[in-house]
Structure formats: C-alpha cells, structure tokens
There are 2 protein chains.
Amino acid sequence: MTGEWMGYAAAALTTVSFLPQAVRTIRTRETHAISLWMYVLFTVGIACWFGYGIVLHSWPMIVSNAITFLLAAIILAFKLRHG
Amino acid sequence: MTGEWMGYAAAALTTVSFLPQAVRTIRTRETHAISLWMYVLFTVGIACWFGYGIVLHSWPMIVSNAITFLLAAIILAFKLRHG
C-alpha cells in the first residue's frame, strides 16, 4: 500500500522516542519537571494498546508496545521514587 | 468485537496523558528534566501517525493524533525556549 511506510515510520519513531527520556531520567534522576499523571495514564494506555494488539494478533503492535511499556514504566518508577 | 473497548481505552489514555504534562510545563516553564530528543522524535512520529490515519481514512486516528500532536508540540516549543 502507498502510505504503509508512514505507519512503520510512525511506529518506529513514537516507540524509540521514549529511549532518550528513559536514559536521561536514569542518568540524572531528575524528575521534577515530569508529570506523574502523564506517565500513569500513558503507561496504563500502552498496556491497553499491548492487550489490543494481542486481541488483533498484531505482532507489530505487541512488540512496539511492549518496548514502549518497558521504557514508560522505567520513567514512571523513577518519578515515583524521586518525586 | 470483544476487545474493541481496549482499543478505545488505549487511544483515549495515551492521547489524554499528554494534557497534564502540557499543563505542568506551561505553568512551571520547568523543562530541564524533559528530553529534547524524546519530543523531537515523538512529535515527528505523531505527525506520521496523523498522515497514516489520512491514508487509511481513519477518523479516530486522525482526531486523536491531531490532539496529541498539538500537546506534544506545545511541550517541545517550551523545551526549545526554556532549555
């Protein structure tokens, strides 16, 4: 399909984007400017995307959301710990 | 479909999650802990999801990604301005 590449680019970019934030948060332990509610809602939301991917038997959804869930959960854990 | 609610919950949660971060960033102008690269990659990625929604003629994708794009772009603009 013509625009299929856009879906792959979208999935790759939004998945990989949480990596620099996770690295920065792990390194600096600086979390004050980060919204707790963002990461609570986002992490639960990504768990739902993961579950929906299982319902649809969609491996790209399952894999990309598993990675994003892990990264978002790390950031959330640091936020909960360091405030 | 059985798991359809999970897709709607996922879309609603991941879209709405950027609202508390945008509000916090606008209010405090505190952006040091936020990763510039996260928001560069994420904003471009969401623009791709938006474009892919147009390709697929999917209104839920178009609407939710338009909202997320706006919120992520606001956070990115504050990060670029306040460092």
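Residues numbered from 1 in each chain as written. Chains lettered and ligands numbered in written order. Predicted model: local features only at pLDDT ≥ 70, side-chain atom pairs only at ≥ 80, totals over all residues. Heavy atoms only, no water.

**Considering the UniProt feature "transmembrane region" (unreviewed entry) in chain A**
Residue and element names in this part refer to chain A.
Point 1. Per the UniProt record, "transmembrane region" (unreviewed entry) is annotated on residues 36-55 and 61-80.
Point 2. In residues 36-55, the share of helix is 100% and the share of strand is 0%. The end C-alpha atoms are 29 Å apart.
Point 3. Annotation note: span residues 61-80, helix share 100%, strand share 0%, distance between end C-alpha atoms 27 Å. (UniProt positions renumbered as here; feature names shortened; annotations may be inferred. Helix = DSSP H or I, 4+ residues; strand = E, 2+ residues; numbered from the N terminus.)

**Considering the relation of the copies chain B and chain A**
Point 1. Aligned on chain A, chain B shows an RMSD of 0.0 Å; the corresponding rotation is 180° and the shift along the axis is 0.0 Å. On this basis, the relationship between the two copies can be described by a two-fold rotation axis. It is Ala33(B) whose C-alpha, among those of chain B, lies nearest the rotation axis, at 2.8 Å.
Point 2. Counting the interface residues of chain B, we find that 100% of their copies in chain A are interface residues as well, pointing to one common contact surface. (Least-squares fit on C-alpha atoms with pLDDT ≥ 70 in both. Contact = heavy atoms within 4.5 Å.)

**Structural notes on the nonpolar core**
Point 1. Counting 24 residues, the largest nonpolar core has Phe18(A), Met38(A), Tyr39(A), Phe18(B), Met38(B) and Tyr39(B) as the members making the most contacts within it.
Point 2. In contact with Met38(A), not counting residues within four places along its chain, are Phe18(A), Ser17(B), Phe18(B), Pro20(B), Gln21(B), Met38(B) and Tyr39(B).
Point 3. By size, the runner-up hydrophobic cluster in this structure holds seven residues, among which are Leu41(A), Cys48(A), Tyr52(A) and Ala10(B). (Core = buried A, V, L, I, M, F, W, Y, C linked by side-chain atoms within 4.5 Å. Buried < 20%, exposed > 50% of the residue type's maximum accessible area, 1.4 Å probe, protein only.)

**Quick notes on the interface of chain B and chain A**
Point 1. Listed as interface residues are 37 residues of chain B and, on the opposing side, 37 residues of chain A.
Point 2. For the pair chain B and chain A, the two sides together bury roughly 3,200 Å², of which 72% comes from carbon and sulfur.
Point 3. A per-residue breakdown of the area chain B buries against chain A is headed by Arg24(B), Ala33(B) and Met38(B), which together make up 17% of the total.
Point 4. In this assembly, chain B and chain A are joined by 14 residue pairs in polar contact (both at pLDDT 80 or more).
Point 5. Contributing elements (two or more residues each) for the side of chain B that touches chain A: α1 (4-16), α2 (18-28) and α3 (36-55) of chain B.
Point 6. Here the side of chain B that touches chain A is built from residues that sort into 23 nonpolar, 10 polar and four charged. (Buried area = accessible area lost by both parts, 1.4 Å probe. Polar contact = N/O pair within 3.5 Å; in protein donor to acceptor, adjacent residues only side chain to side chain. Nonpolar A, V, L, I, M, F, W, Y, C, P; charged D, E, K, R; others polar.)

**As for the environment of Ala72(B)**
Point 1. Note on placement: Ala72(B) falls in helix α4 (residues 59-82).
Point 2. Ignoring any residue separated from it by four or fewer positions in sequence, one finds Ala72(B) in contact with Tyr39(B), Phe42(B) and Thr43(B).

**Concerning a nonpolar patch on the surface**
Point 1. A contiguous nonpolar surface patch, about 330 Å² in accessible area, is contributed by Trp59(A), Val63(A) and Ile67(A).
Point 2. Looking at where Ile67(A) falls in the secondary structure, it is placed in helix α4 (residues 59-82). (Patch = residues over 30% accessible without salt bridge, like charges linked within 9 Å, V, L, I, M, F, W, Y side chains within 5 Å. Areas by Shrake-Rupley, 256 points an atom, 1.4 Å probe, with all protein chains shown as cover. Salt bridge = Lys/Arg side-chain N within 4 Å of Asp/Glu carboxyl O.)

**Notes on unusual backbone geometry**
Residues and elements named next belong to chain B.
Point 1. In the Ramachandran plot, Arg29 falls in the positive-phi region, its phi being about 55° despite a non-glycine side chain.
Point 2. Turning to its location among the elements, Arg29 is positioned in the loop between α2 and α3.
Point 3. Residue class for Arg29 comes out partly exposed when judged on its relative accessible area of 49%.

**What about the layout of surface pockets?**
Point 1. Estimated volume of the largest pocket: approximately 1,100 Å³.
Point 2. Partitioned by chemical class, the residues of the lining of the largest pocket number 23 nonpolar, 14 polar and two charged. (1 Å grid on protein atoms, 1.4 Å probe; cavity = no way out; pocket = protein on both sides within 12 Å on 5 of 7 lines; lining within 4 Å. Points joined across faces, edges and corners; volume = space filled by probe spheres on them.)

**Some details on the environment of Trp5(A)**
Residues and elements named next belong to chain A.
Point 1. Within the secondary structure, Trp5 sits in helix α1 (residues 4-16).
Point 2. Residue class for Trp5 comes out exposed when judged on its relative accessible area of 55%.
Point 3. Each C-alpha atom, one on Trp5 and one on Phe69, is 23 Å from the other, the two residues being 64 residues apart in sequence.

**Let's talk about the packing of α3(B) against α4(B)**
Residue and element names in this part refer to chain B.
Point 1. Between α3 and α4, the shortest axis-to-axis distance is 9 Å and the interhelical angle comes to 160°. Accordingly, the angle class assigned to the pair α3 and α4 is roughly antiparallel. The two elements α3 and α4 meet at a crossing, and its hand is left-handed. Along the contact surface, α3 presents Leu36, Tyr39, Val40, Phe42, Thr43, Ile46, Ala47, Trp49, Phe50, Tyr52, Gly53 and Ile54, while α4 presents Met61, Ile62, Asn65, Ala66, Thr68, Phe69, Ala72, Ala73, Ile75, Leu76, Lys79 and Leu80.
Point 2. When its residues are assigned to classes, the contact of α3 with α4 shows 19 nonpolar, four polar and one charged. (Axes fitted to C-alpha atoms, helices over the stretch in contact; angles between N-to-C directions. Parallel < 35°, antiparallel > 145°, perpendicular 65-115°, else oblique. Left-handed = near helix turned anticlockwise from the far one by under 90°.)

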